[in-house]
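Spelled out from the first residue to the last, the chains are:
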Amino acid sequence: MLSFVIRRLAVAVPTLLILVVLSFILMYSAPGGPFNSERPLPPEVLANIEAKYGLDQPFWQQIVNYVWSVVTAFDFGPSFQYKDRTVNDVIAQGFPVTLTYGFWSFVVAVTVGVSLGVAAAIKQNSWLDYLAVGVSIGAQVLPNFVMAPILLLIFTLWLGWLPGGGWSGGQWQYLIMPVIALSTSYMASIARITRSSMLEVLNTNFIRTAQAKGLPMRRVIWRHAMKPTILPVLSYLGPAFVGMITGSVVIDVFFSTGGIGQFFVNSAFNRDYSVIMGITILVGALTIFFNLVVDVLYAWIDPKIRY
Amino acid sequence: MTLKTKLLATTSALLIATSGALYADGHATHPETGEPLASDQTFTYRDLDESPSIDPGLAEDSAGGDILRDLFEGLYNQDATGNLVPGVALSHEVSDDNLVYTFTLRDNAKWSNGDTVTAGDFEYAWKRAASPELASPYSWFIELMALENAPEVIGGDLDPSELGVTAIDDTTLEVRLTQPLPYFPQMLTHFTTFPVHQATVEEFGTDWTKPGNMVSNGAYMLTEHVPQEKLVRERNEMYWDNANTIIEKVTSLVINDENVALTRYLAGELDRTDVPAGQFPRLAAEYPEQAVSVPLACSYYYMFNLRDGAPEEIQNPDVRRALSLAIDRDIIVENVLAGGQQPAYTFTHWATAGFETPDIPKASMTQAERNAMAQELMTGAGFGPDNPLEIDLVYNTSDSHKSVAIAISQMWKQTLGVETTLANQEWQTFLEARSNGDFEVARGGWCADYNEASTFLDLMQSESGYNDSKYVNPDVDALLAEAKTADNAQANYDQVEMFIAQDAPIIPIYHYASVKMFAENLEGWPYENFQQNWYSKDLYKIAE
Amino acid sequence: MFPNRAAVESVGEAAQLAEVKGRSLWADARTRFFRNKAAVASLIMLGLVAAFALFGGFIAQYETDFVNFSLIGSNAYLGVPSLETGHYFGTDSNGRDLFARTVQGTGISLMVGIVGALVAVIVGTLYGATAGYYGGRIDGLMMRIVDVLMSIPFMFVLILMLVIFGRSIFMLFLGIGLISWLDMARIARGQTLTIKNKEFVEVAVATGVRPIKIILRHIVPNLLGIVIVYATLLVPNMIIFESFISFLGLGVQEPATSLGALINEGSRTMQFGYHWQIAFPLFFFVVTIFAFFFVGDGLRDALDPKDR
């Protein structure tokens, strides 16, 4: 197991490097520099700015410098767009926000999704089952950029229960709508996977045996059926997590939460190379880490897997 | 809306001292109008996006300007109608050749830490803004001000200390220009000219704009700043005119989506927000006291690419005129935008100070006549149903630009049979394409730097860096050069507008309006300020 | 957001089983599928949606890009859905016929979904089959590359690509295909590993058939079941994906449209009471995705004889 973890981490390093080089090349070849504006800058002004950010150096030197400062000092450089701040500032501010509502969405999606799926499977073909399936498919197909304004209309404008946006350090009132909007579609997927997985498990011989022995259903489910049921759900969590980070774009736009999603999109539109790079690398690193955690969990739960 | 400028109040210090104390309790009245004031004096408004910077030297967008006018105070301020009123400077004198300005500063202006604001602070700020070291994207503004040695300093050929600005003593600032600029004092309300506190900048470096570090001299000071979420500024007790400040706390919230912002406005979370395109009539009917549309100093136009190598068809002025004529501007302003914008037949905004809109022939025709004339011109140019003109139209991504482009491409199609290919590009890509001449027809928008027609028409100069059409007409150049020194330039401007109508290097489409929702109890907004330069210190909320 | 790998893999196992039983798998599967009422109903729905996208244009009274200038700005009372005016679904905010645009949007969304899924499936299958067939170091290297690519936040890269190189349907396909072939590659490789030890492959190798031919002729056809299921489940995800890209304003170029773009526009005006602007596109969006999900599930159950 340990060697597996080490091997995976060893792959992570070149992966991140590839990511850095790839995005650097992409941005380097982009038309439109970060300093274009409605009024073209006088050449001398542009030269000053480029010198300040080291953009006047040759390509290879820029990339080496960049990688060097990231690796040695964990310094992603200054933001081109937000002149008062560094990329580290931007990330330090936006990332905890995204992680916070991402975490709660994750928790909600998993707990509600799994319970819904299990309940539906146990009571297969009952009204509960149909309701759960209906709700989860409905939730899955309703895009969150439609759900978000609907939530706003209901909870902010009509009922006046919740603030329409902002973050305020992550107080609970500000968390509710982002978490609902972000978690529902994942919750629905998890419910569907759990349901079909549970149904399959309930039909296997060892569960039938357990039932035949006269063990109470609750005990059968908890003791025997849960573990194998959860495996396919686990393998879904990796992509789900990445999806939630990406989904933060929608959340930030509608709820003004100030997470990295909005920073990323704005930076992409404004050619803020350094912020784009910083966020891409960070999300890449997080993806690798999260996939690793999922794999380790998988191995821990499923004894059939050997590394 | 009837709020008079603070200039009046500054002369009677006694009045200020007595009335100022009253604001503390909730039953105060406005010192001039006598209206009862609300106990809650906070102002919360929507910003589209996070501003790139709130450092006066580095700031570059108008939303950042709104914030900076609260936090800092320049030599002059604008009043509710856009006229100059004293800021840190009380008055100035100009030399006979109009090249040397000497400003007399007030001696009671204070920084938020209690230091006195001196002429040296301005000298430092201007030299800093021009220095290659700061590399400000707005250092071109210092060049625009025609300060002595500005290009050389920005280019790094001369030390910033050579810039044409000198503090003679603490209250006297001397500024030397390289050419006479009649509108120079107007430029001093711009944020690039605001003073900065040298000791603070040097102590904290780029972190000096963070709350807690920032020392400012405006009516407000920065208390909280969460990028992409909000920026809060509160009353600056040290401000020289603090006694007349009524709004206690100003919050700008970053809300990207204008519909979300409107929802939150209607839920009572905001005091000011933007009206989405096309929604003004409905909102004005439903909330007549709150939906407001006032002229804004910007013009919206389409430009043709007149460079060598650009498509042959659009080099024909008849084709360009036909395309211009076929646009039904009334539909654009009344139906598509519906926010009180005005149809444009001239490039210069109709509400520009001292500008009389000349009589452009097509302006007085009916659309049917214009369409007939356009069809005639197109046929004359050899285009018809069996040989339709095909053109590309690029615009930068935005819902309202999209709506305008869709409508215009259909007008061209329905009237002239022109096949238009629409392409929207991200802002930076768009700018690059436009300045490189990589387009056929492109959307353009231009906002006045100062309230005078030349701020628009100078774009038509052959050498202008902003002349993305690359329209070259020596007559226009001569007229514009002459206008710089003329006593009355209106005749020149008329002729330039005529040339624009005739040669159609650009198609003026409409003149902007600022279309907003304002909380019903918010008073003091400078609706008549053409550039919509507002100061929170002039606002107040009345009790309902 | 992509089909669950574990669930799809079980189809592969079933396919192996079918090898033993001979051809009856497909006949078996067909009976199973048609016994699944939800799947059959969904298939019919899909047929209707496809017919709407293909032939709806003939019923539409207006061109997709025709602007009725008298309707702009007076949507609330003139642009409502009506049989009389010929605007069956009303008009959009720019005065264009929403029926014609929904037809076009449905077509483009379906195309994006299907082509995106095809790209992913073709690339993924060939890549996975090749890696699995050669095995050894080539396999190791090819699968490491997949591992590396899996860690890249592709949505972010796609946004960058669309921003930087300008948007086009081609770029969208490329980007979407790029993101989704990785899972398919892994699944195909796993199946190939077992297939390649079968006698018919060994015979082919012994008679000197070229590897490319073996992969295309003998291995890929045996992956068909799994490919079909994966592709069916991928299509709706591609459509959802496209709608997200449209939300960012990076989708198809005006005047063309997609369901995602229409829904996005509709969601902006729903608070003003123009409910039809979101209702019609959303209806087709939801129905299409529902149907694909059910058909995909039905196919999987049909091809996987394990009793559920």
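Below, the structure is looked at part by part. (Residues numbered from 1 in each chain as written. Chains lettered and ligands numbered in written order. Predicted model: local features only at pLDDT ≥ 70, side-chain atom pairs only at ≥ 80, totals over all residues.)

### Structural notes on the overall build of chain C
Thinking step 1. The number of helices and strands found in chain C is 13 helices and zero strands.
Thinking step 2. The order of helices and strands in chain C, counted from the N terminus, is α-α-α-α-α-α-α-α-α-α-α-α-α. (Helix = DSSP H or I, 4+ residues; strand = E, 2+ residues; numbered from the N terminus.)

### Brief notes about the packing of helix H6 (residues 144–158) of chain A against helix H9 (residues 217–255) of chain A
Residue and element names in this part refer to chain A.
Thinking step 1. Contact geometry for H6 and H9: axes closest at 10 Å, N-to-C directions at 30 degrees. Here H6 lies roughly parallel to H9, going by the angle between them. Considering how the two elements wind past one another, H6 and H9 form a crossing that is right-handed. Between H6 and H9, the contacting residues are Asn144, Phe145, Ala148, Pro149 and Leu152 on the first element and Gly247, Val250 and Phe254 on the second.
Thinking step 2. Each residue belonging to the contact of H6 with H9 can be placed in one class, and the counts come to six nonpolar, two polar and no charged. (Axes fitted to C-alpha atoms, helices over the stretch in contact; angles between N-to-C directions. Parallel < 35°, antiparallel > 145°, perpendicular 65-115°, else oblique. Left-handed = near helix turned anticlockwise from the far one by under 90°. Contact = placed C-beta atoms within 7 Å. Nonpolar A, V, L, I, M, F, W, Y, C, P; charged D, E, K, R; others polar.)

### Regarding the nonpolar core
Thinking step 1. In terms of nonpolar packing, the biggest core is built from 323 residues, with Ile190 of chain A, Ala407 of chain B together with Ile159 and Tyr230 of chain C touching the most fellow members.
Thinking step 2. Of all the elements, H9 of chain A adds the most residues to this core, at 17 residues. (Core = buried A, V, L, I, M, F, W, Y, C linked by C-beta atoms within 7 Å. Buried ≥ 20, exposed ≤ 12 C-beta atoms within 10 Å, placed from the backbone.)

### Let's talk about the environment of Lys470 of chain B
Residue and element names in this part refer to chain B.
Thinking step 1. Within the secondary structure, Lys470 is located in the loop between helix H16 (454–457) and helix H17 (474–485).
Thinking step 2. For Lys470, a count of 16 C-beta atoms within 10 Å puts it in the partly exposed group.
Thinking step 3. As for Lys470 and Ala129, which are separated by 341 residues in sequence, their C-alpha atoms are 30 Å apart.
Thinking step 4. Setting aside residues up to four positions removed in sequence, Lys470 forms contacts with Leu306, Arg307 and Gly437.

### A few points about the interface of chain B and chain A
Thinking step 1. At the interface, 45 residues of chain B touch 43 residues of chain A.
Thinking step 2. When residues of the side of chain B that touches chain A are traced back to their parent elements, those giving at least two are helix H5 (139–144), helix H6 (150–155), strand S10 (249–254), helix H9 (258–266) and helix H15 (427–435) of chain B.
Thinking step 3. Per-element tally for the side of chain B that touches chain A: the top contributor is H15 of chain B, with six residues.
Thinking step 4. Within the side of chain B that touches chain A, the residues separate by chemical class into 20 nonpolar, 13 polar and 12 charged.

### Remarks on unusual backbone geometry
Thinking step 1. Of note in this structure, Ala146 of chain B is not a glycine but carries a positive phi near 60 degrees.
Thinking step 2. Mapped onto the fold, Ala146 of chain B is located in the loop between H5 and H6.

### Examining the interface of chain C and chain B
Thinking step 1. Of the residues lining the interface, 18 residues belong to chain C; the matching set on chain B comes to 22 residues.
Thinking step 2. Here the side of chain C that touches chain B is composed, by residue class, of eight nonpolar, seven polar and three charged.

### Notes on the environment of Leu282 of chain A
Thinking step 1. Locating Leu282 of chain A in the fold gives a position in helix H11 (residues 273–301).
Thinking step 2. Measuring from C-alpha to C-alpha, the distance between Leu282 of chain A and Phe95 of chain A comes to 9.4 Å, with 187 residues separating the pair along the chain.

### Overview of the sheet that holds strand S6 (residues 165–169) of chain B
One key point about sheets: their strands pair by backbone hydrogen bonds, in either a parallel or an antiparallel sense.
Residues and elements named next belong to chain B.
Thinking step 1. Taken together, four strands build an open sheet; the order of strands is S4-S5-S7-S6 and the sheet is antiparallel. Here the strands that pair on one side only, and so sit at the sheet edges, are strand S4 (89–94) and S6. Neighbouring strand axes in the sheet, compared pairwise and without regard to direction, differ in orientation by 25 degrees on average.
Thinking step 2. Sheet topology places S6 next to strand S7 (residues 172–176); four bridges connect them, and they run antiparallel. Within the sheet, the bridge partner assigned to Thr166 lies in S7 and is Glu174. (Pairing = 2+ DSSP bridges.)

### Here we look at helix H12 (residues 329–337) of chain B
Residue and element names in this part refer to chain B.
Thinking step 1. Burial within H12 is extensive, with seven of its nine residues counted as buried.
Thinking step 2. For H12, every residue scored as buried is listed here: Arg329, Ile331, Ile332, Val333, Asn335, Val336 and Leu337.
Thinking step 3. The inward-facing, buried residues of H12 abut strand S13 (342–343), helix H14 (399–416) and strand S17 (506–518).
Thinking step 4. One or two steps after H12, the chain reaches Ala338, where phi turns positive at roughly 50 degrees.

### Section: the pairing of strand S14 (residues 390–396) of chain B
All names here are of chain B.
Thinking step 1. In terms of burial, S14 is largely enclosed, as five of its seven residues are buried.
Thinking step 2. Relative to strand S15 (residues 419–425), S14 is paired through seven bridges, and the arrangement is parallel. Looking across to S15, one finds that Leu393 is bridged to Leu422.
Thinking step 3. Read from S14 through H14 to S15, the crossover connection turns out right-handed.
Thinking step 4. Both S14 and strand S16 (residues 441–447) contribute to a ladder of two bridges, which runs parallel. Counterpart to Leu393 in the pairing with S16 is Val441. (Right-handed = clockwise from strand over helix to strand, strands pointing away.)

### Considering helix H13 (residues 367–380) of chain B
Residues and elements named next belong to chain B.
Thinking step 1. Taking 1.5 Å per residue, 14 residues should reach 20 Å; H13 reaches 20 Å between its end C-alpha atoms and fits that length.
Thinking step 2. Looking only at H13, the buried set comprises Arg370, Asn371, Ala374, Leu377 and Met378. The arc that holds every buried residue of H13, seen down its axis, measures 125 degrees, which confines them to one face. The exposed set on the far side of H13, more than 90 degrees from its buried face, consists of Ala368, Glu369 and Gly380.
Thinking step 3. Structurally, H13 contributes buried residues whose contacts are with helix H11 (317–325) and H14. (Expected span 1.5 Å × (residues − 1). Arc of directions from axis to C-beta.)

### Examining the packing of helix H7 (residues 172–202) of chain A against H9 of chain A
Residues and elements named next belong to chain A.
Thinking step 1. Interhelical geometry of H7 versus H9 gives an angle of 165 degrees and a closest axis separation of 8 Å. One way to sum up the angle between H7 and H9 is to call them roughly antiparallel. H7 and H9 meet at a crossing whose hand is right-handed.

### Notes on the pairing of strand S5 (residues 100–105) of chain B
All names here are of chain B.
Thinking step 1. Only one face of S5 is buried: it carries Tyr101, Phe103 and Leu105, and the other face, with Val100, Thr102 and Thr104, is open.
Thinking step 2. Relative to S5, S4 runs antiparallel, the two being bridged by five bridges. Along S5, the bridge assignment pairs His92 with Phe103.
Thinking step 3. Following S4, the chain reverses through five residues before pairing antiparallel with S5; Asn98 in that reversal takes a positive phi of roughly 65 degrees.
Thinking step 4. The pairing of S5 with S7 spans five bridges and is classified as antiparallel. Considered in S7, the bridge of Phe103 is made with Leu173.

Read these as spatial facts, not as claims about activity.
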